[in-house]
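# Structural overview for review
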Amino acid sequence: MRKQSKMDSCVNVEREVDKVLSKFAGVGDHSSRTLEDLVEHISNIRRELSEGKDDSDVTATQSLVLNQCLKKVKDTCQRLSNDHKDLHSSVSKVGKAIDRNFIQDISACSVEGAFVGEEKRSLLNEVICEHFFRQGMLDIGEQLIQDARLQIDEAQKEPFFELNRILEALKQHNLFPALEWAKRNRERLQQQNSALEFKLHRLHFIELLKGGPARQMEALLYSRNFEPFAYHHAKEIQTLMGSLLYVQQGVHNSPYLHLLDPIHWLDICDVFTRDACQLLGLSVESPLSVAFAAGCISLPSLLNINHVMKQRQCTNVWNQKDELPIEIDLGGETRYHSIFACPILRQQTTETNPPVRLVCGHVISRDALNKLNTNNKVKCPYCPMEQNAVDARPVQF
């Protein structure tokens with residue numbers, strides 16, 4: 001019997017999901033029509049009864065009609081309840097399909113004792129706590145500090161408090177806290193070639209333009225704030241000043257309509273987060289989020305290679321501590337430093353196997369150099385130049 005592939009498993013689960021979605025749509029439409037018909041039926045009966053005399057008793061025919069109406073309401077409610085139960089049954093089948101098609105024991109790829117010990121548990125809690133602070137969940141972070149009895153100085157928490165306060169203000173279209181912060185840190189921001197302060201002033205200028213003729217003079221006076229940035233942002237400043245000519249007729253009816261795009265508010269939040277984190281020596285992304293995402297990408301490959309190793313009875317090849325049995329590409333966004341793969345051995349260089357530059361200028365790994373070394377003589381694999389092995393120099397990327 002052919003072993004089921006991962007794609008087959010996905011197709012099987014997707015088929016169950018499609019069934020549920022189709023049933024949801026069908027039940028929803030059927031329920032809406034049934035209830036509309038029932039409401040219309042009850043409304044007709046009510047209208048017929050209201051047309052009779054107020055002091056007259058209910059006739060036998062009317063009583064029969066009311067009893068039939070009550071029976072119809074009960075039957076309709078029962079059918080809708082049964083349809084709802086069928087939906088629950090269909091949803092549960094999706095969970096069973098997932099369990100049936102994706103049976104994996106991820107503990108096979110875990111490292112025993114990774115978080116054993118008070119020091120390691122405390123470190124993990126600190127990482128989680130920092131993640132909460134980064135996400136603006138300050139109350140949850142404080143609660144974790146108390147419950148886990150972490151020793152975190154107020155000086156470590158204060159930058160996160162300030163950054164979240166400024167970001168919340170930016171989301172409310174309030175630029176002043178961010179402008180004050182940028183002015184306090186102007187020199188350091190300029191050292192890292194940040195355009196944050198200029199973009200904040202530009203956005204405030206645009207908000208003044210939106211005020212129309214009533215705020216045209218205020219916008220003109222505010223443009224003096226662009227003077228320190230004239231050298232690096234001359235073209236953008238010219239565009240902003242040109243937009244003043246169209247204030248009377250409305251900037252939204254001018255060639256400068258792009259200045260009013262709401263995307264600028266999203267952009268300023270990203271720019272502030274990036275530059276502020278760089279200034280404080282923090283990564284833009286939460287380390288916990290990066291580690292979790294890397295684990296999700298790596299896990300399928302690690303489970304597959306672990307299964308192959310068990311089949312071939314070579315479990316001792318992977319010690320699960322300092323290395324992986326295969327190379328896993330996590331994507332360009334997770335590369336934080338330069339890497340070099342030896343063109344001879346086709347392996348990524350490491351601290352114990354660094355890249356070295358030959359006299360001819362070609363770069364290979366230290367292990368490749370040792371393999372090519374014969375009586376302290378090395379012939380470059382890319383050119384015919386012969387040279388001494390001791391003349392190779394380590395390369396720092």
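Below or above, wherever it landed, is the structure these notes cover. In this text the structure is predicted, and so the values were computed from the model without any measurement.

### Overview of the packing of helix α3 (residues 118-134) against helix α12 (residues 287-311)
- Following both chains from N to C, one finds α3 and α12 inclined at 110°, their axes separated by 8 Å at the closest point. The angle between α3 and α12 places the two elements in the roughly perpendicular class. Counting all contacts with α3, which are made through Val127, Ile128, Glu130, His131 and Arg134, the residues of α12 involved are Pro287, Leu288 and Ser289.
- Partitioned by chemical class, the residues of the contact of α3 with α12 number four nonpolar, two polar and two charged.

### Here we look at the state of the cysteines
- Under the counting rule described, the total for this entry stands at zero disulfides.
- Cys129 carries a free sulfur, and the closest cysteine sulfur to it, the one in Cys277, is 16 Å from it.
- No disulfide involves Cys360; its sulfur sits 3.5 Å from that of Cys380, the nearest cysteine.

### Observations regarding the sheet that holds strand β5 (residues 393-394)
- One open sheet holds the three strands; their spatial order is β2-β1-β5, and the pairing between them is antiparallel. Where the open sheet ends on each side, the last strands, each with one partner, are β2 (363-365) and β5.
- Pairing between strand β1 (residues 355-357) and β2: three bridges, direction antiparallel. Note on β2: the bridge partner recorded for Arg357 is Val363.

### A short note on the pattern of salt bridges
- What the rule picks out here adds up to 15 salt bridges.
- Across the pair Glu218 and Arg215 runs a salt bridge, and its minimum N-O distance is 3.1 Å.
- One continuous salt-bridge network, built from bridges that share partners, spans Glu142, Glu154 and Lys157.

Calculation notes
Residues numbered from 1 in each chain as written. Predicted model: local features only at pLDDT ≥ 70, side-chain atom pairs only at ≥ 80, totals over all residues. Heavy atoms only, no water. Axes fitted to C-alpha atoms, helices over the stretch in contact; angles between N-to-C directions. Helix = DSSP H or I, 4+ residues; strand = E, 2+ residues; numbered from the N terminus. Parallel < 35°, antiparallel > 145°, perpendicular 65-115°, else oblique. Contact = heavy atoms within 4.5 Å. Nonpolar A, V, L, I, M, F, W, Y, C, P; charged D, E, K, R; others polar. Disulfide = S-S within 2.5 Å. Pairing = 2+ DSSP bridges. Salt bridge = Lys/Arg side-chain N within 4 Å of Asp/Glu carboxyl O.

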